[in-house]
Amino acid sequence: MEKDFISGAVGALFCTFAGQPFDTVKARMQVSKQYAGTVDCAIRTVKGEGGLALFKGFTPAYASAAIENTVLWTIHGLFLRNLVSSNNEDSAFRKATLGKWYG
């Protein structure tokens, strides 16, 4: 269970790290019409405020993603461990139950 929790938190960290610069540029372009495009917005942000400006808002974005991912993967792991049959085959019951929980 600890591995699932940690995996969710680490996955959220990398996902937020990779996506936050894009989200920052998108948000700036939505608020202001002073940019000619996506690349212009990114370049002007980095030149004007430095590279770390692309990561503004990282903490709340990571907190949200970490909560979502840790809960998801912890519950996923619990279901997998509790629904595995004794001979480890993928039963129809197991697939149906997991499908029900994950939509």
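Thresholds, definitions, all that
Residues numbered from 1 in each chain as written. Predicted model: local features only at pLDDT ≥ 70, side-chain atom pairs only at ≥ 80, totals over all residues. Heavy atoms only, no water. Phe/Tyr/Trp six-rings, centres within 6.5 Å; stacked < 30°, edge-to-face > 60°. Helix = DSSP H or I, 4+ residues; strand = E, 2+ residues; numbered from the N terminus. Buried < 20%, exposed > 50% of the residue type's maximum accessible area, 1.4 Å probe, protein only. Contact = heavy atoms within 4.5 Å.

Caption draft 1: Examining the packing of aromatic side chains more closely. Per the counting criterion, the structure on display carries two aromatic pairs. Taking 5.2 Å as the distance between ring centres and 20° as the angle between the ring planes, the aromatic pair formed by phenylalanine 17 and phenylalanine 55 counts as stacked. Placement of phenylalanine 17 in helix 1 (residues 2–31) and of phenylalanine 55 in the loop between helix 2 (38–49) and helix 3 (58–83) is noted, with a sequence separation of 38 residues between them. Judged by its relative accessible area of 23%, phenylalanine 55 is partly exposed. Between phenylalanine 58 and tyrosine 62, the ring centres sit 6.1 Å apart and the planes meet at 5°, which makes this aromatic pair stacked. Here the residue phenylalanine 58 and the residue tyrosine 62 both occupy positions in helix 3, the gap between them amounting to four residues, near one helical turn.

Caption draft 2: Main features of the side chain of threonine 24. Looking at the element boundaries, threonine 24 is found in helix 1. Discounting residues that sit within four places of it in the chain, threonine 24 has contacts with Ala53, Leu54, Phe55 and Lys56.

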